[in-house]
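# Summary of structural features
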Amino acid sequence: MVNKQTMHTEEDIWRILENVCDPEVPVLTIQDLGIIRKIKMQDSHSIEITITPTYSGCPAMNTISTQIRMELAAHGFTHITILEELSPAWTTDWMTEKGKEKLSAFGITPPQYTTKNNPREWDAIIPCPRCYSTKTELISQFGSTACKALYKCLDCLEPFDYFKCH
Ligand SMILES: [Zn+2]
């Protein structure tokens, strides 16, 4: 009997990791966030994943690492190394367009600017994700989590989260 162990391709791994979501914004996968930097497969059991944490000290990162391990373990990997690459630091610019669309659909306004061209985010117009009104006001720079700010729409009167540029 030949115990044939299927060798995963790097493409397979990217697909497997699509199952790992941001615990704070469950509609976003870690790929939407753009935090996976490198995938290095030694053999069908050993793998090394390099990630760049989103917000330093964000408790969600531990959950994400655990989920990556669980997904890979479920696909036969027994030696899983997760490395953190802190430089260059993650920015919301790395978020994919697909990720931004998902955020909107979830009722969170995605980052409106790239970090390079907008240091004055608080003066900017942040549209309502529900009615797209641009008449909105900042209620708190910290929403349900530190990465979001809380806004209120002056047209539909609903409060909403804004995923801050970072
Ligand atoms: Zn609105």
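In this text, all values refer to a predicted model and were calculated from it rather than measured experimentally.

## A closer look at the packing of aromatic side chains
A full pass over the atoms with the stated rule returns two aromatic pairs. Where Tyr151 meets Phe160, the ring centres are 5.7 Å apart and the plane angle is 20°; that geometry is what we call stacked. Across this residue pair, the class does not change: Tyr151 and Phe160 are buried. Note on Tyr151 and Tyr162: the rings are 5.8 Å apart at their centroids and 90° apart in plane angle, and the pair reads as edge-to-face. Of this pair, Tyr151 sits in strand E6 (residues 148–153) while Tyr162 sits in strand E7 (residues 159–163), placing them eleven residues apart in sequence. Residue classification places Tyr162 among the buried positions, given a relative accessible area of 0%. By the ring-pair criterion, three or more aromatic residues cluster together here, those being Tyr151, Phe160 and Tyr162. If you follow Arg37 out to its NZ or CZ, it ends over the ring of Trp94, 3.9 Å from the centre.

## Focus: the coordination of the zinc ion
Looking at the zinc ion, one finds its protein donor set to be Cys128 (SG), Cys131 (SG), Cys153 (SG) and Cys156 (SG), positioned 2.3 to 2.4 Å from the metal centre. What the four donor atoms of the zinc ion show is an angle range of 103 to 121° at the metal, which sorts the shape as tetrahedral. Taken in sequence order, the residues that donate to the zinc ion follow the motif C-x2-C-x21-C-x2-C. Here Cys128, found in the loop between strand E4 (108–109) and strand E5 (136–140), pairs with Cys153, found in strand E6; they are 25 residues apart in sequence, far enough to count as distant. Of the two residues examined, Cys128 and Cys153, each falls in the buried class.

## Observations regarding helix H1 (residues 10–17)
Every α-helix carries 3.6 residues per turn, so stepping three or four residues along brings you back to the same face. Within the span of H1, buried status applies to Asp12, Ile13, Ile16 and Leu17. Within H1, the buried residues cover an arc of 130° as seen down the axis, which keeps them to one side. Relative to its buried face, H1 has exposed residues pointing more than 90 degrees away, namely Glu11 and Arg15. On its buried face, H1 sits against helix H2 (30–33), strand E1 (36–41), strand E2 (46–51) and helix H3 (60–74).

## Side note on the side chain of Ser65
Turning to its location among the elements, Ser65 is positioned in helix H3. Those residues in contact with Ser65 that lie beyond four places of it in its chain are Ile51 and Ile82.

## Overview of the pattern of salt bridges
All told, the structure shown has six salt bridges when counted by the stated rule. A salt bridge links Asp32 to Lys102, with the nearest nitrogen and oxygen atoms 2.6 Å apart. In this pair, Asp32 sits in helix H2 while Lys102 sits in helix H4 (residues 97–105), placing the two residues 70 residues apart along the sequence. The exposure class assigned to Asp32 is buried, which follows from its relative accessible area of 3%.

What counts, and where the lines are drawn
Residues numbered from 1 in each chain as written. Predicted model: local features only at pLDDT ≥ 70, side-chain atom pairs only at ≥ 80, totals over all residues. Heavy atoms only, no water. Phe/Tyr/Trp six-rings, centres within 6.5 Å; stacked < 30°, edge-to-face > 60°. Buried < 20%, exposed > 50% of the residue type's maximum accessible area, 1.4 Å probe, protein only. Helix = DSSP H or I, 4+ residues; strand = E, 2+ residues; numbered from the N terminus. Lys NZ or Arg CZ within 6 Å of the ring centre and 35° of its normal. Donors = N, O, S within 2.8 Å, 3.2 Å for Na, K, Ca; no water. Tetrahedral: all angles 85-135°; square planar, octahedral: opposite > 155°, others 65-115°. Arc of directions from axis to C-beta. Contact = heavy atoms within 4.5 Å. Salt bridge = Lys/Arg side-chain N within 4 Å of Asp/Glu carboxyl O.

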